[in-house]
Amino acid sequence: MKIFFLFTFSTFFWSPFEQAAASVHYDKILTHSRIRARDQGQNVCALQQVMGTKKKYFSTCRNWYQGAICGKKATVLYECCPGYMKMDGMRGCPAVAPIDHVYGTLGIVGATSTQHYSDISKLRGELEGRGSFTFFAPSSEAWEQLNSEIHRNLIDNVNIELYSALHHHMVNKRMLTKDLKNGMTLVSMYNDQKLLINHYPNGVVTVNCARVIYGNQIATNGVVHVIDRVLTAVGNTIQDFIEVEDDLSSLRAAAITSDVLDILGKPGHYTLFAPTNEAFERLPRGLLERIMGDKVASEALVKFHILNTLQCSEAITGGAAYETLEGNTVEVGCDGESLTVNGVKMVKRKDIVTSNGVIHLIDEVLIPDSAKQVTELGGAQQTTFTDLMIQLGLASSLRPEGQYTLLVPLNGAFSDDTLRMDQRRLKTILQNHIINVKVGLNELYNGQELETIGGKLLRVFLYRTAVCIENSCMVRGSKEGRNGFIHILRQIINPAEKTLHEMLRNDKRFSVFLSLVKAADLDDVLSQPGKWTLFVPTNDAFKGLTDDDKDILIRDKNALRNILLYHLTQGVFIGSGFEPGVTNILKTIQGGKLYLKTVNDTLLINELKSRESDLMATNGVIHVIDKLLYPADLPVGNDQLLTILKKLIKYIQIKFVRGSAFKEIPLTFYKINIIESNVQPIIRKEDPSITQLTKLIEGEPEFKIVREGETITKVIHGGPEIKYTRITAGGSDNEEKLKKLLEDEAPVRKEQPTRRTQGGTARRRTRLAYP
């Protein structure tokens, strides 16, 4: 009868609490542990125990499937879930643990040392009496690990010191784990001392950084939670601790200089990774002096050591990124019993609990990117570039107060031949990787031009999954420093020097293709400004083509243009800018489609390998192929032409439809597009002058002086806009002189509208440019 009463009474008390706790981290993890152990019988929980230690955890899925905690192998244990017990001869844990007052419950959960100390300190009567208490009871192992001097002092004065210490572990109301909210502060029964509660997503609950290892054991007059260490009183703030700790004098000076120290004296839940004096002494002297002399950098340095969340060491069972007050993140993890920061074991002493957070002493200074000069941002994979910057004197030329962007190739981009170059040439190459302004990754856009300190203009190409600058695409790792950004690139940047046409003309490999381009009257397309991608077959692609065959091909200009313009697409497409393994469909000027993808860093065009890719031109990019491309769905209706194409193209079956003809492709595809923009007037009191002339489309010259407020039109050959003629004048007396100047210029074939203003108001200009 008594057993039945206990079972019923315990079920009455436990079930509502268990159900209400279903949404809390600790209880969720406990539920997962039950599920993992369901084959062991009812009310059994699966735990992980770190090998070589007594530490046990109700584990997260991540730790469970890794079979490790803090990088150490963990074995699986099966135990009765909290509140349940075994019965002889029965599987699982079918019985409810007997319910008793708090004092008796200490024995049930195995906290026998705490029970004994409660007895000798005269606390037992209170624990057996009326009330509703929460007792955070140190395990027997926790008492053994307590500092021997502190332990001895407690035992020597049981009526005051030990009694007070035990009262410090008690709260005068029942608090289950579901009630222990993250960031909560409870008032203990000793002198209203604070107990800082943290309830982490991985299910760990801590009290002043002591971990709850066995929770929610219900008593008739409260609840008992077993914890893994003895609590000590918390009184000071983090600021108070820094101000009196001799080993933190360097940190104290830095915190005062940067006006951060006062923050650590305010209420909050902070974590401070505090570098010791020895850690500061190991920094290069010049580096520390520079940072301390720059208030922005010193503030960033100190704030980089502070988290706005309280992270106790016992709650860290794997690596995770945490945001610092500086704004960037640090990776906090563990390796066995040691805490790690950014993967390095550097924590000398952990879990110094204060009233507004916790302190971990570390033996290295963490320097955020925001406190570094741009030349200091490079990592282990960019050392070749940074070393060359120093050797060639470029690093010292970048002023701390300047603004720069470094485009840094990976070490593997520098071949032995490159490194053996003449130093002047090598310096020029590096100068083309330095921009004189600060440009972040999110400020880059397609078509943007960046001017290097070497005077070159670099084009930016933005794709779905890549950002490329000229021929080189970025990899992850962009960083912002005190005076600039670095962006990491796969290859050395080769700024374009020649047009597509000039590149074909200067390379004998492309002589046959170029002769066909000329015969098809497509020279201008490849010579004028624009944005093109050209797939160029080498002479090898035309092996077997006789002079007679070539003449037949040239005579059919529509066929020739269809074939050649199938090799040309609008837009600049860098090979490494394509998402690997994914087919990209490009529409050609001919109208057909090209299918491109990269496999193992090789560009495939219609499954044909590009022999050389990303040859940059001022008006596009060339990808070299060794076969002629042909649209598979385009039929041939001429027997002679079919015979010729079959000689050149063997990788696809060319369709033959007698009588079919190739469509005419007029050269208007690179003609006219209208752009409008506002022009700010330029006012000068001087004789007219022509600062630059541009080529115009055919037609008779027509000259006109444009008045303020009028709309002007400019017509330009080729792709995107090019520079326009600017004419400035002082007054109407010069109109005849302007006309005469323009009429005398023989190269001009049609009006290039001038820009001329009188007065100070802006006017609207309409430009005609080619796409």
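Preceding this section is the structure that the text describes.
Residues numbered from 1 in each chain as written. Predicted model: local features only at pLDDT ≥ 70, side-chain atom pairs only at ≥ 80, totals over all residues. Heavy atoms only, no water.

Before going further, it helps to spend a moment on the pattern of salt bridges. Applying the stated criterion across every chain, the model contains 36 salt bridges. Among the salt bridges present, the one from Glu579 reaches Arg464, with a minimum N-O distance of 2.1 Å. On the criterion of sequence distance, the pair formed by Glu579 in the loop between strand 30 (568-570) and strand 31 (584-587) and Arg464 in the loop between strand 25 (457-462) and strand 26 (467-469) is long-range, its members being 115 residues apart. Take Glu579: its relative accessible area is 25%, and that puts it in the partly exposed class. On the basis of relative accessible area, Arg464 is assigned to the exposed category, the value being 72%. Across the salt bridge formed by Asp626 and Lys627, the nearest N and O atoms sit 3.9 Å from each other. Its relative accessible area of 22% is what places Asp626 among the partly exposed residues. Connected through salt bridges with shared partners, the residues Lys55, Arg211, Asp228, Arg229, Glu314, Glu337 and Asp351 form a single ionic network. (Salt bridge = Lys/Arg side-chain N within 4 Å of Asp/Glu carboxyl O. Helix = DSSP H or I, 4+ residues; strand = E, 2+ residues; numbered from the N terminus. Buried < 20%, exposed > 50% of the residue type's maximum accessible area, 1.4 Å probe, protein only.)

Before going further, it helps to examine the sheet that holds strand 20 (residues 347-354). With mixed pairing, four strands are arranged side by side in an open sheet as 15-14-21-20. Strands with a single pairing partner mark the edges of an open sheet, and in this sheet they are strand 15 (306-307) and strand 20. When strand 14 (residues 270-275) meets strand 15, the two strands line up antiparallel, connected through two bridges. Residue pairing across strands places Thr271 opposite Leu307, the latter belonging to strand 15. (Pairing = 2+ DSSP bridges.)

Under the defined criterion, the tally for this structure stands at five aromatic pairs. Taking 4.7 Å as the distance between ring centres and 70° as the angle between the ring planes, the aromatic pair formed by Tyr117 and Trp143 counts as edge-to-face. Separated by 26 residues along the polypeptide, Tyr117 in helix 5 (residues 112-120) and Trp143 in helix 7 (residues 140-145) bring together distant segments of the chain. Given a relative accessible area of 11%, Tyr117 falls into the buried group. Trp143 gets classed as buried once you look at its relative accessible area, which sits at 2%. On the numbers, 6.3 Å between centres and 10° between planes, the contact of Phe573 with Phe578 is stacked. Grouping aromatic residues by their ring pairs yields a cluster made of Tyr463, Phe573 and Phe578. Above the face of the Tyr57 ring, Arg211 is positioned so that its terminal group lies 4.0 Å from the ring centre. (Phe/Tyr/Trp six-rings, centres within 6.5 Å; stacked < 30°, edge-to-face > 60°. Lys NZ or Arg CZ within 6 Å of the ring centre and 35° of its normal.)

Taken as a whole, helix 18 (residues 423-431) has its buried residues at Leu426, Ile429 and Leu430. Across the axial projection of helix 18, the buried residues extend over an arc of 95°, all falling on one side. Of the exposed residues in helix 18, those oriented more than 90 degrees away from the buried face are Arg424 and Arg425. For helix 18, the elements touching its buried residues are helix 15 (383-391), helix 16 (394-397), helix 17 (416-419) and strand 23 (434-435). Two or three places before Arg424, at the opening of helix 18, Asp422 has a side-chain oxygen 3.0 Å from that residue's backbone nitrogen. (Arc of directions from axis to C-beta. Contact = heavy atoms within 4.5 Å. Polar contact = N/O pair within 3.5 Å; in protein donor to acceptor, adjacent residues only side chain to side chain.)

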